[in-house]
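One-letter residues, chain by chain:
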Amino acid sequence: MTNKNCIFCKIASGEIKTDFIMETEDYVSFNDVNPQAPWHALIIPREHFSSLNDLNNIELMGKLLEGAQKTAEKLGIKENYRTVINTGREAGQTVFHVHLHVLGGRPLNWPPG
Ligand code: AMP
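Predicted model only: the values in this text are computed from it and were never measured.

The rules behind the values
- Residues numbered from 1 in each chain as written.
- Predicted model: local features only at pLDDT ≥ 70, side-chain atom pairs only at ≥ 80, totals over all residues.
- Heavy atoms only, no water.
- Helix = DSSP H or I, 4+ residues; strand = E, 2+ residues; numbered from the N terminus.
- Rg over C-alpha atoms; globule rule 2.2 N^0.38 Å.
- Near = heavy atom within 4 Å.
- Polar contact = N/O pair within 3.5 Å; in protein donor to acceptor, adjacent residues only side chain to side chain.
- Areas by Shrake-Rupley, 256 points an atom, 1.4 Å probe, with all protein chains shown as cover.
- Contact = heavy atoms within 4.5 Å.
- Phe/Tyr/Trp six-rings, centres within 6.5 Å; stacked < 30°, edge-to-face > 60°.
- Buried < 20%, exposed > 50% of the residue type's maximum accessible area, 1.4 Å probe, protein only.
- Core = buried A, V, L, I, M, F, W, Y, C linked by side-chain atoms within 4.5 Å.

A.B. asks: Quick rundown of the overall build of the chain? Include the residues and the values.
C.D. replies: Check the secondary structure of the chain and you find 2 helices and 5 strands. Start at the N end of the chain and walk to the C end: the helices and strands fall as α-β-β-β-α-β-β. Taken against the 2.2 N^0.38 rule, which gives 13 Å for 113 residues, the C-alpha radius of gyration of the chain at 13 Å falls within 12% of a compact globule. Taken along its principal axes, the extent of the C-alpha atoms in the chain is 40 × 30 × 25 Å.

A.B. asks: If you had to explain the site of the ligand to someone new, which residues and values would you point to?
C.D. replies: Neighbouring residues of the ligand: 16 residues in total, closest Asp 32, Asn 86, Gly 92, Thr 94 and His 101. Contact distances for the ligand include 2.7 Å between an oxygen atom and a backbone N or O atom of Gly 92. Contact between the ligand and His 99: an oxygen atom at 2.9 Å from a side-chain N or O atom of the residue. Across the complex, the protein chains shield 81% of the 500 Å² of accessible surface that the ligand would expose by itself. It is helix H1 (residues 7-13) that provides the largest number of residues to the shell around the ligand, a total of 3 residues.

A.B. asks: So, the side chain of Ser 51: which residues are in play, and what are the values?
C.D. replies: Note that Ser 51 resides in the loop between strand E3 (39-45) and helix H2 (58-75). Only 3.1 Å separates the side chain of Ser 51 from the backbone nitrogen of Asn 53, close enough to count as a polar contact. Setting aside chain neighbours within four positions, we find Ser 51 in contact with Thr 87, Gln 93 and Val 98.

A.B. asks: Quick one: what's the story with the environment of Asn 53, residue by residue and with numbers?
C.D. replies: Mapping Asn 53 onto the fold places it in the loop between E3 and H2. Sequence separation between Asn 53 and Ala 68 is 15 residues, and the spatial gap between their C-alpha atoms is 19 Å.

A.B. asks: Would you mind going over the packing of aromatic side chains in detail, with residue names and values included?
C.D. replies: One pass over the structure, following the stated rule, counts 1 aromatic pair. On the numbers, 5.7 Å between centres and 80 degrees between planes, the contact of Phe 8 with Phe 30 is edge-to-face. In this pair, Phe 8 is assigned in helix H1 and Phe 30 in strand E2 (residues 27-31), connecting sequence segments 22 residues apart. Of the two residues examined, Phe 8 and Phe 30, each falls in the buried class.

A.B. asks: How would you sum up unusual backbone geometry? Please name residues and give values.
C.D. replies: Between Trp 110 and the following residue, Pro 111, the backbone shows a cis peptide bond with an omega angle of 5 degrees. Along the polypeptide, Pro 111 turns up in the segment after strand E5 (100-104).

A.B. asks: Give a description of the nonpolar core that names residues and reports values.
C.D. replies: With 16 residues, the main nonpolar core has Ile 43, Leu 55, Leu 64 and Val 102 as its most contacted residues. Counting residues per element, this core draws most heavily on H2, at 5 residues. Excluding its chain neighbours within four sequence positions, the residues that come into contact with Val 102 are Trp 39, His 40, Ala 41, Ile 43, Ala 68, Ala 72, Ile 77, Tyr 81, Arg 82 and Thr 83. Core analysis: the next-biggest nonpolar cluster, separate from the first, contains 9 residues, Phe 8, Cys 9, Ile 11 and Val 28 among them.

See below:
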């Protein structure tokens, strides 16, 4: 299912033209428009789920993690990268279509802000 008001659904469907880093029948990955590190990609399922809490497909969860692995490899950062899923506004979620961030290319501090 897609949500006609969702920007990530429009990206996944091709309605908003985007250069994909990876593309499978289940998910796509692409560069974040506002990168927080030299490399900052997003992995999103083609199907709309508002957040991790709504993502009820365990097989798809695994595929999205595989997408993070493979995207990091394609970006050349597979030795050092961070994968983040923000869930809920207070945790920093701004786009309500579940997505994994993959960040790398610089030292990343812990804990995050
Ligand atoms: P979050 O704050 O965890 O919901 O992450 C949403 C991310 O989507 C942010 O890092 C935004 O910079 C990014 N973003 C929003 N719109 C776009 C877009 N059209 N293309 C690429 N990245 C986007």
